[in-house]
Amino acid sequence: MPEESRPRRSPSGPERKRDAERTRERILDAALVEFGEHGYAGARVTAIARRAGVNQQLISYYFDGKEGLYRALIERWRALSGELNRPDAPLDEVVAAFLHAGTAQRHWVRLLIWQALEGDREEGAEQYRRSMVDDLRRRQAAGEIAQDLDPAYLQLALFGAALAPTLLAHFAEDFTGLPVDSPEFLAGYGEELKRLIARLAKPL
């Protein structure tokens, strides 16, 4: 029987599951770009579907619309943050990981900027961010951070430092003479952050 005339085999259960997961991830990738470029209010589900190459109805099927898609994207960011902020990793490595993630995936940073501009505080945001401060308190108790530093303010400073190359790209390039996405800038800035963080263990 010629191959082209054979009936097409329907995907099995595991194959269907993998196809659904791939489709879902494509939609999330497209949503990250759209929300990162336009914010929640300006993002359009039709544009997300077009970017993902899927029927718009699939967004309703998988995420129950725009709001559900946005929540799924925030959950994705929190999962990524959890992988970067490993409790067993030294603080300088954690900050360096956020630096590289923010530079490599600029739409995440842009999404955070839109959240700030729009005053968006998604469900559980305060508790999630306070847990980041609690992690610095744990590190302080372990001796990674001097006792005379306030973990809450320090978290704000470190978060800003990690996002600075994307938030202030032109400033960074003018200050250093290097493109922020160049290996030379990332290596140099990363090393400087490590030196700064190493001094956090010493009282001021």
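Since this is a predicted model, take the numbers as computed values, not measurements.

So, how was this worked out
Residues numbered from 1 in each chain as written. Predicted model: local features only at pLDDT ≥ 70, side-chain atom pairs only at ≥ 80, totals over all residues. Heavy atoms only, no water. Helix = DSSP H or I, 4+ residues; strand = E, 2+ residues; numbered from the N terminus. Buried < 20%, exposed > 50% of the residue type's maximum accessible area, 1.4 Å probe, protein only. Contact = heavy atoms within 4.5 Å. Salt bridge = Lys/Arg side-chain N within 4 Å of Asp/Glu carboxyl O. Core = buried A, V, L, I, M, F, W, Y, C linked by side-chain atoms within 4.5 Å.

> Is there a simple way to explain the side chain of serine 81 in this structure?
Locating serine 81 in the fold gives a position in helix α4 (residues 66-84). Relative accessible area serves as the criterion here: at 4%, serine 81 is assigned to the buried category. Beyond its immediate stretch of four places on either side in the chain, serine 81 contacts Phe98 and Tyr128.

> Is there a simple way to think about the pattern of salt bridges in this case?
Charged atoms that come close allow side chains of opposite charge to pair. Across all of its chains, the model carries 13 salt bridges by this definition. We note a salt bridge from arginine 138 to aspartate 135, for which the minimum N-O separation is 2.8 Å. With a gap of 3 residues between them, arginine 138 and aspartate 135 both fall in helix α7 (residues 125-141), about one helical turn apart. Taking relative accessible area as the criterion, arginine 138 reaches 38% and is therefore assigned partly exposed. Given a relative accessible area of 13%, aspartate 135 falls into the buried group. Among the ionic contacts, a cluster of salt bridges with common partners joins Asp135, Arg138, Arg139 and Glu144.

> Before we go on, may I ask you to explain the nonpolar core in this structure?
Side chains of nonpolar character tend, in soluble globular proteins, to be buried together. In terms of nonpolar packing, the biggest core is built from 34 residues, with Ile27, Phe35, Ile48, Leu69, Leu73 and Leu111 touching the most fellow members. Broken down by secondary-structure element, the contributors of at least two residues to this core are α1 (13-42), α2 (45-52), α3 (56-63), α4, α5 (91-104), α6 (106-118), α7 and α8 (151-167). Per-element accounting of this core gives the leading share, 8 residues, to α4. Those residues in contact with isoleucine 48 that lie beyond four places of it in its chain are Ile27, Ala30, Ala31, Glu34, Phe35, Ile59 and Leu69. Counting residues in hydrophobic clusters, the runner-up holds 13 residues, among them Val95, Leu99, Leu154 and Leu193.

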